[in-house]
Amino acid sequence: MTKNEWIGLSVLAGFIILWLIFDREKLKLKLVDLEKEIEENNNLNKEIRKRLKELVANNKDVDAEISNELGQIAALIEIKQETKAILSMVKIVEKLLYKIYSEDQRLLGTAKKNNRKRPAFMDFLELALIDKVILKEDYHLISVAKIIRDEEAHDLNVEKEKSRILSSFISCIAMILTLCKLAKA
């Protein structure tokens with residue numbers, strides 16, 4: 001081998017070593033970001049469980065049946081069954097909407113307008129939006145939660161983005177509180 005070939009081989013080896021070092025540093029940064037995301041996620045789950053417990057403990061408008069269900073939801077979150085927890089939360093929202101709107105004459109009209117023979121969850125939700133019981137943003141967030149609920153009810157091993165799950169939890173908690181007060185009145 002000539003001197004120029006050795007120099008070329010050395011330069012190539014140097015670039016490969018430099019690339020490996022750079023790649024290793026990129027992996028370390030990704031690992032740090034992932035650890036940070038996991039820690040933030042754990043804190044968020046703690047926050048949701050805390051809010052659920054506060055909702056159960058400190059709210060006179062929440063009846064015993066709903067309090068029991070919220071306790072079960074907190075347990076589902078604890079064992080990382082978030083989509084099953086959303087299924088239960090949407091069930092509570094649906095039950096409360098039924099309690100508020102089941103006798104409302106507009107409900108059948110809303111169902112017919114949406115090409116249904118009988119009212120569905122979205123018809124109840126639409127009336128709540130019309131009556132300004134919920135905001136348009138809440139309507140859309142609860143619609144996302146309903147989609148997750150439907151998938152959880154019909155599919156196996158449902159996994160969703162954490163941001164969708166967390167926004168669904170927060171919107172459901174707020175809606176349950178609002179609807180409990182309205183149903184009690």
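Above this note sits the structure.
What you see is a predicted model; the values in this text were computed from it and never measured.

Draft legend 1. Spatial organisation of the overall build of the chain. Each helix and strand in the chain was counted, giving seven helices and zero strands. Taken from N to C terminus, the helices and strands of the chain fall in the order α-α-α-α-α-α-α. Expressed as a percentage of its 185 residues, the buried residues of the chain come to 34%. Sequence-distant contacts in the chain: of pairs separated by 6 or more residues, those separated by 24 or more amount to 63%. Counting only carbon and sulfur atoms, one obtains 58% of the accessible surface of the chain, whose full area is about 12300 Å².

Draft legend 2. Local environment of the nonpolar core. Ranked by size, the top nonpolar core spans 41 residues in total, and within it L52, L70, L97, L125 and I176 carry the most contacts. Elements with a contribution of two residues or more to this core: α1 (3-57), α2 (64-78), α3 (82-101), α5 (121-130), α6 (136-154) and α7 (162-184).

Draft legend 3. Just the packing of α3 against α5, in detail. Two elements in contact, α3 and α5, have axes separated by 10 Å at closest approach and are oriented at 65 degrees. Classified by chirality, the crossing of α5 by α3 is left-handed. Only F121, F124, L125, L127 and A128 of α5 make contact with α3, whose side of the interface consists of V90, V93, E94, L97, Y98 and Y101. Across the contact of α3 with α5, the residue classes break down as ten nonpolar, no polar and one charged.

Draft legend 4. Inspection of the layout of surface pockets at higher detail. What the largest pocket holds in volume is close to 190 Å³. Every residue lining the largest pocket is listed: K80, Q81, E82, T83, K84, E152, N157, V158, E159, K160, K162 and I165. At the level of secondary structure, the elements contributing two or more residues to the lining of the largest pocket comprise α3 and α7. Element by element, the count of residues in the lining of the largest pocket is highest for α3, at three residues. Of the residues contributing to the lining of the largest pocket, the split by class is two nonpolar, three polar and seven charged.

The rules behind the values
Residues numbered from 1 in each chain as written. Predicted model: local features only at pLDDT ≥ 70, side-chain atom pairs only at ≥ 80, totals over all residues. Heavy atoms only, no water. Helix = DSSP H or I, 4+ residues; strand = E, 2+ residues; numbered from the N terminus. Buried < 20%, exposed > 50% of the residue type's maximum accessible area, 1.4 Å probe, protein only. Contact = heavy atoms within 4.5 Å. Areas by Shrake-Rupley, 256 points an atom, 1.4 Å probe, with all protein chains shown as cover. Core = buried A, V, L, I, M, F, W, Y, C linked by side-chain atoms within 4.5 Å. Axes fitted to C-alpha atoms, helices over the stretch in contact; angles between N-to-C directions. Left-handed = near helix turned anticlockwise from the far one by under 90°. Nonpolar A, V, L, I, M, F, W, Y, C, P; charged D, E, K, R; others polar. 1 Å grid on protein atoms, 1.4 Å probe; cavity = no way out; pocket = protein on both sides within 12 Å on 5 of 7 lines; lining within 4 Å. Points joined across faces, edges and corners; volume = space filled by probe spheres on them.

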